[in-house]
Amino acid sequence: LSMPKINFIEHNGEQHTVEAASGDSIMQSAINNLIPGISADCGGECSCGTCHVIIEPTWIEKVGSPDKTEEAMLSLNPDRQPHSRLSCQIKVSDNIDGIIVHLPEFQY
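### Regarding the overall build of the chain
Of regular secondary structure, the chain possesses three helices and five strands. Taking 13 Å as the expected radius of gyration for a compact globule of 108 residues, we find that the chain reaches 12 Å, a close match to that expectation. Residue burial in the chain is summarised as follows: out of 108 residues, 42% are buried. Of the contacts made within the chain by residues no fewer than 6 positions apart, 62% connect residues no fewer than 24 positions apart. Of the roughly 5600 Å² of accessible surface on the chain, 49% is carried by carbon and sulfur atoms. Taken as two groups, the 6 positive and 15 negative side-chain charges of the chain have centres that lie 8 Å from each other.

Written out as structure tokens, the structure is:
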């Protein structure tokens, strides 16, 4: 079973690298590994925005753009950045092995 790596970087610069199961979401991988700053209050239903991450620009093409539902949730977020995504909407795969995601300060 493939176990791609995800690099979570807190707003203070602390990095957490975890192995994630292919098919899980980045959010689920964060929850499974007790990553601070991802509370995922809605459980991955794209209805709360508490799994907001900022994708490192070099990875944005691989994860793609938000769909309409995700875009609506992100539009309510005052800390939205150009490369913001909801981590519940990004599936882990070999294609994103080594991805770097930044955790916004407001979620702590």
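Back to the write-up after that little detour.
### Description of the pairing of strand β1 (residues 5–9)
Counted residue by residue, β1 has four buried out of five residues, so it is predominantly covered. With five bridges joining them, β1 and strand β2 (residues 15–19) adopt antiparallel strand pairing. Paired with N7 across the two strands is T17, which belongs to β2. With antiparallel pairing between neighbouring strands as the criterion, β1 and β2 make up a hairpin whose turn holds five residues, including G13 at a positive phi of roughly 95 degrees. One ladder, built from four bridges, connects β1 with strand β5 (residues 99–102); its direction is parallel. Bridging from a neighbouring strand, F8 pairs with V101 of β5.

### Describing the pairing of strand β3 (residues 52–55)
Of the two faces of β3, the one holding H52 and I54 and the one holding V53 and I55 are both buried throughout. Here three bridges tie β3 to strand β4 (residues 84–86), and the two strands are oriented antiparallel to one another. Bridge pairing in β4 places I54 opposite S84. Taken together, the two bridges between β3 and β5 define a ladder with antiparallel strand orientation. Paired with I54 across the bridge in β5 is H102.

About the criteria used
Residues numbered from 1 in each chain as written. Predicted model: local features only at pLDDT ≥ 70, side-chain atom pairs only at ≥ 80, totals over all residues. Heavy atoms only, no water. Helix = DSSP H or I, 4+ residues; strand = E, 2+ residues; numbered from the N terminus. Rg over C-alpha atoms; globule rule 2.2 N^0.38 Å. Buried < 20%, exposed > 50% of the residue type's maximum accessible area, 1.4 Å probe, protein only. Contact = heavy atoms within 4.5 Å. Areas by Shrake-Rupley, 256 points an atom, 1.4 Å probe, with all protein chains shown as cover. Lys, Arg positive; Asp, Glu negative; His and termini not counted. Charge placed at Lys NZ, Arg CZ, Asp CG, Glu CD. Pairing = 2+ DSSP bridges.

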